[in-house]
Amino acid sequence: MIPNALDLFLFTDNVSHSNSQGLQTYPQTGYRPSNLAVFRNHKSYRNRLSGVFFHAGGRLSIDGGYISDNKIGIDIDMDHSDVISNTIVVGSSPAYKAVVSAMGHAASHYPATSLCAPIQTDDDISPQVGVRLDSYHDGSLFGATGSTLKNVTFSGFGSGSCAGSSALHVDGEDIRYFDTRNTLVDITVLDDSQRIDLCGGEKQVAIRDVDGSMMGKQGFIISDSNAIRAHPACVSVADTCAAFCPGVCLRTMTVMVPSYYARGSLTLKMTGTTADGQTIVPIFVQDIQTKEIFLPQQDSSYGRLFVTLPAGGTYHGQFFMDGKPTWPHFTDLKYEDKFGNCGPDFASFDIEQLVPDRCDSLIRNADFESGTTDYWLHAGSYGVEVINEGSNGSSKSLLAPNPKYGGGRYVGVGQRLDTRCIEEGFTYTLSAMVKLVDTSTGGPYLCNLSGYTGDLNSCPLGSLRFTNRLGEPENAWETVGRMSTNNLEWNLMTGSYTANDFDAAAYSVYLYFNGVPAGINIQVDDVSFVRTYETGTPSTTPSTHPTPAPTVEPSSPLSPMPAPAVPSPFEGSNTDSILIVDETIRLTTESAVDSTVLTKEAHIGDIVLTVEIQARSMSGSGYQPQLVLFFAPETTSVADVTTNDNGFGDFFESSVVAWMKERIYFNPNDPNLLMYTWFNAKVLDTDSNFVSEGGSKNNRMNSGFLRLQRSGGSIDSYYSFDGVSWAEVGGGPVLLPTSYRTAPL
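Fair warning: this is a prediction, and the values are worked out from it, not measured in the lab.

Enquirer: What is the right way to read the overall build of the chain from this model?
Expert: Broken down by element type, the chain carries four helices and 49 strands. Residues counted as buried form 54% of the 745 residues belonging to the chain. Taking as baseline every contact in the chain between residues at least 6 positions apart, the subset at least 24 positions apart corresponds to 71%. On the chain, roughly 31,000 Å² of surface is accessible, and the fraction owed to carbon and sulfur atoms is 51%.

This is the structure in structure tokens:
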């Protein structure tokens, strides 16, 4: 049971008043129920800070509320997908004004009765806010969709209230992505209250007025800044730091760049035309996030620029640094508002690429003699470090710590390559010196040169991951390097491959080294990745140009990438959690991260789905990531069954016919605690109700087999530790509803 993910059963007709905060959801990790948690008919008044404080969670709702005489009526703080509906929000009511007036100067003495008393000591007067919106992590995390205000009535934020008050405001702290799917519907302002004030808030706000009830016309309320005001129809709203864009639909493309760039150091200038041919006003976008990256050298870390432009347009970008054109090595693109948006994708979105100085050698900081880890990334949470020993008599090398408890085959090092230099038809050759050290003995680790990654003694591999989050599939992999020796202190890894059209169109290319068991450290030195052409002289510039004698080259257009020569073995969901190494699938994840779905190919009649777990590493502390085998109707989409662990019961389970999984607990401080594997299964029975089955084994399934099968219209599940002896989960087959007994699943 995860308390902050439990659905809210009933919360109705409650009152909160005369507090610092009225109603608040403030566990540090936030309240994130799987389904909308509705607080019905709640009254909250005369609270010094906020009447309602929703913090760091999502899918929370006030319905039928009456919120009055608070500093902030409803504060949606780092929350997402909230709904405020059928609610009255009053700033300063006549009754409360009378109380404050009768108190005179005493109303501002601590503890202040006046709502205009400053929150900070350097404030003269502090305004009131009806609803305060905020940014969130990103548009896809936890299924975020933006927040909605529907049938909300505002009053008491005009004359007689605190100076500078407004019905709607946006926070200026912890700036991240401001979701363009925040919407206003059926809004009423009863008096002379100022409707919106964006002063002091974020610089890339975009709020959709769906029916024109807030601004008089349908469109978008935006920050009046050159970071977002692109459409020529946008007009400033006096004294609000806001602009309004009537009849416009806005979409957001995230441009991900290397995390080593300081926030605000890169500027992306965007030009182009709207879908109806109007020339946009150029905008200048920077990475404006204020929260520091937790692990900037982790391979999932990026700098992010959120580019918000009219839907359906044709756009062109160019990066600048210190006023000079530059190229940030790669630009990984994704739609931040992929689902629940107001209009079509962009017709095109390209970013100029300066002609590279060279493409014959793609690795930077290849020998580590600088003593730094610059440009190198790590998988997991254990970092990378420079060691004072190297191959061939050199003094430095790069180490990826891989602890016995918490480490695993996913641990390693990598570097993102300059995407300008990956072109179809070119051959690329990898060479690296690799040292493997057993952390338990300090001695060398002799790996099996011919073993697969599931082999307990397997050798590491050099692999490439090509990513285009705008295409389908989103990723492709290539094994590009294998160790040629294993009996020396430093052994050579080498190999080559020829790029295809999928690889050449990728927005991100990641070269990485991993694949050894937990407790085996990987050191690398003298890494090279060299490009040559198959049939001619090596080229140091891209092979195609948009115009004669250019100085810059546009990136690949915004269109789905062609299918790779060898199709990816799965359809993408959370592609950051999967690597294909040799003939093995490697999965690694953590709590509250969306799952990875391997395949949705449907089969009719009898089905036997068997999965071998070749090896699994225990990571961190607590329940380990789970592998789930399932059958779902043929019409089920990847999105329907992709969820994080908190949404398993509501989102995943409601989309499938049957599933089975294993569950393991691990505590590195007491490795023998709960030395069990639990096996669970659920199946729809003939009445379309889930039947739950389970069992356990006094052993951890570090390797073994799971099987889910449909036979004669019934579902059964099994497990095996050796592939020979099989044990049934539960009490036997469960007969499916008639519609699922032979249908494609």
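Enquirer: Before we go on, may I ask you to explain the environment of L10 in this structure?
Expert: Looking at the element boundaries, L10 is found in the segment before β1 (15-17). With a relative accessible area of 60%, L10 lands in the exposed category. When the C-alpha positions of L10 and A37 are compared, they lie 8.8 Å apart, and in sequence the two are 27 residues distant.

Enquirer: Please explain the pattern of salt bridges as it appears in this structure.
Expert: Once their charged atoms are close, side chains differing in charge can pair, the charge on each being opposite to the other. For the coordinates displayed, the defined rule picks out 17 salt bridges. The partner of K334 in a salt bridge is E336, and the shortest N-O contact between them spans 3.9 Å. With a relative accessible area of 14%, K334 lands in the buried category. Put simply, D75, R132 and D171 are held in one network by salt bridges that share partners.

Enquirer: In this structure, what is going on with the environment of I175? I would like to understand it.
Expert: Mapped onto the elements of the fold, I175 is located in the loop between β12 (166-170) and β13 (183-189). For I175, a relative accessible area of 11% corresponds to the buried category. The spatial distance from the C-alpha of I175 to the C-alpha of G201 is 9.0 Å, given a sequence separation of 26 residues. With residues near it in sequence (within four places) discarded, I175 still touches S135, E202, I288, Q289, T290 and K291.

Enquirer: What exactly am I supposed to notice about the pairing of strand β46 (residues 704-711) here?
Expert: Counted residue by residue, β46 has six buried out of eight residues, so it is predominantly covered. When strand β40 (residues 607-613) meets β46, the two strands line up antiparallel, connected through seven bridges. For L609, the partnering residue across the bridge sits in β46 and is L708. Relative to strand β47 (residues 714-720), β46 runs antiparallel, the two sharing seven bridges.

Enquirer: When you look at the packing of aromatic side chains in this model, what are you seeing that I'm missing?
Expert: According to the stated counting rule, one finds 18 aromatic pairs in the structure shown. Both rings, one in Y260 and one in Y261, keep their centres 5.0 Å apart while their planes meet at 35°; by these two values the pair is tilted. The exposure class assigned to Y260 is partly exposed, which follows from its relative accessible area of 39%. An angle of 75° between the planes, with centres 6.2 Å apart, marks the rings of Y302 and F330 as edge-to-face. A residue pair is termed long-range when its members are at least 10 positions apart, and Y302 in the loop between β21 (283-285) and β22 (303-310) and F330 in the loop between β24 (324-326) and β25 (332-335) qualify at 28 residues. With respect to class, Y302 is no different from F330; both count as buried.

Enquirer: Even after reading the chapter, I still don't get the sheet that holds β25, so can you show me in this structure?
Expert: For sheets, the rule is that strands pair by backbone hydrogen bonds, running either parallel or antiparallel. Strand order in the open sheet formed by three strands is β22-β19-β25, and the pairing between neighbours is antiparallel. Unpaired on one side and paired on the other, β22 and β25 mark the two borders of the sheet. Across the sheet, the axes of successive neighbouring strands diverge by a mean angle of 25°, strand direction being ignored. Relative to β22, strand β19 (residues 250-257) is paired through eight bridges, and the arrangement is antiparallel. Opposite R251, over in β22, you have L309 as the bridge partner.

Enquirer: Could you clarify how one ought to interpret the confidence of the model for the chain in this entry?
Expert: Mean pLDDT over the chain stands at 86; residues scoring 70 or higher make up 87%. This model gives residues 535-570 a pLDDT under 50, and the stretch forms 84 contacts once residues within four places in sequence are excluded.

Enquirer: Honestly, the sheet that holds strand β2 (residues 21-25) in this entry has me stumped. Any pointers?
Expert: With parallel pairing, six strands are arranged side by side in an open sheet as β2-β5-β8-β10-β12-β14. Strands with a single pairing partner mark the edges of an open sheet, and in this sheet they are β2 and β14 (196-197). Relative to strand β8 (residues 72-77), strand β5 (residues 50-55) is paired through five bridges, and the arrangement is parallel. Considered in β8, the bridge of S50 is made with I72.

Enquirer: So what exactly am I meant to see when it comes to the state of the cysteines here?
Expert: Each disulfide is one covalent bond, formed between the sulfur atoms of two cysteines. This model, assessed by the stated rule, comprises six disulfides. The side chain of C116 participates in a disulfide bridge whose partner is C162; the two sulfur atoms lie 2.1 Å from each other. Between C116 and C162, the disulfide has an S-S torsion of -95° and is therefore left-handed. Note that C116 is positioned in the loop between α1 (94-103) and β10 (129-133) and C162 in the loop between β11 (148-155) and β12, a separation of 46 residues in sequence. A relative accessible area of 22% places C116 in the partly exposed class.

Enquirer: For this particular structure, what's the right way to read the pairing of strand β15 (residues 206-209)?
Expert: As a general feature of sheets, a regular strand has side chains that alternate between the two faces. In this sheet, β15 lies alongside β13 in parallel orientation, the contact comprising two bridges. Directly across from T183, in β15, lies its bridge partner R208. Judged from the four bridges that link them, β15 and strand β16 (residues 219-223) form a sheet pairing that is antiparallel. In the strand pairing of β16, R208 is matched with F220.

Enquirer: Please clarify how the side chain of H169 should be interpreted in this entry.
Expert: Secondary-structure assignment places H169 in strand β12. Residue classification places H169 among the buried residues on the basis of a relative accessible area of 15%. Looking at H169, its side chain comes within polar contact range of the main-chain oxygen of D197, at 2.5 Å. Those residues in contact with H169 that sit more than four places away from it in its chain are V129, V131, R132, L133, D197, L198 and C199.

Enquirer: What am I meant to see in the side chain of T254 here?
Expert: If you trace the backbone, T254 turns up in strand β19. In this view, T254 contacts R304, L305, F306, D332, L333, K334 and E336; residues no more than four positions away in its chain are not counted.

Enquirer: Hey, could you run me through the environment of G313 in this one?
Expert: Take G313: it is sitting in the loop between β22 and β23 (314-321). G313 gets classed as buried once you look at its relative accessible area, which sits at 0%. Separated by 36 residues in the primary sequence, G313 and F349 place their C-alpha atoms 8.4 Å from one another. Those residues in contact with G313 that sit more than four places away from it in its chain are T273, T274, A275, F346, A347 and S348.

Enquirer: I tried to follow the nonpolar core on my own but got confused; where do I start?
Expert: Soluble globular proteins tend to pack their nonpolar side chains together in the buried interior. Within the largest apolar cluster, 43 residues are counted, with the highest numbers of intra-cluster contacts made by F513 and F529. When residues of this core are traced back to their parent elements, those giving at least two are β29 (397-400), β31 (426-438), β32 (461-467), β33 (475-483), β34 (491-498), β35 (508-514) and β36 (520-533). Looking at this core, the element that brings in the most residues is β31, giving six residues. Excluding anything up to four places from it in sequence, F513 contacts W376, V411, G412, V413, L430, A432, L461, G462, M493, I522, V524 and V527. Membership of the second largest hydrophobic core comes to 34 residues, among which are A37, L60, L168 and I187.

Enquirer: Looking at this model, I keep getting lost on unusual backbone geometry. Mind explaining?
Expert: A negative phi holds for most residues other than glycine; trans holds for most peptide bonds. In this structure, the amide linkage connecting E472 to the following residue, P473, adopts the cis form with an omega of 0°. Of note in this structure, A56 is not a glycine but carries a positive phi near 60°. Within the secondary structure, A56 is located in the loop between β5 and β6 (60-63). According to the relative accessible area criterion, A56 is buried, its value standing at 9%. Even without being glycine, D322 reaches a positive phi, approximately 55°. Looking at the element boundaries, D322 is found in the loop between β23 and β24. In this structure D322 comes out as exposed when scored by relative accessible area, which is 73%.

The rules we used
Residues numbered from 1 in each chain as written. Predicted model: local features only at pLDDT ≥ 70, side-chain atom pairs only at ≥ 80, totals over all residues. Heavy atoms only, no water. Helix = DSSP H or I, 4+ residues; strand = E, 2+ residues; numbered from the N terminus. Buried < 20%, exposed > 50% of the residue type's maximum accessible area, 1.4 Å probe, protein only. Contact = heavy atoms within 4.5 Å. Areas by Shrake-Rupley, 256 points an atom, 1.4 Å probe, with all protein chains shown as cover. Salt bridge = Lys/Arg side-chain N within 4 Å of Asp/Glu carboxyl O. Pairing = 2+ DSSP bridges. Phe/Tyr/Trp six-rings, centres within 6.5 Å; stacked < 30°, edge-to-face > 60°. Axes fitted to C-alpha atoms, helices over the stretch in contact; angles between N-to-C directions. pLDDT = per-residue confidence, 0-100. Disulfide = S-S within 2.5 Å. Polar contact = N/O pair within 3.5 Å; in protein donor to acceptor, adjacent residues only side chain to side chain. Core = buried A, V, L, I, M, F, W, Y, C linked by side-chain atoms within 4.5 Å.

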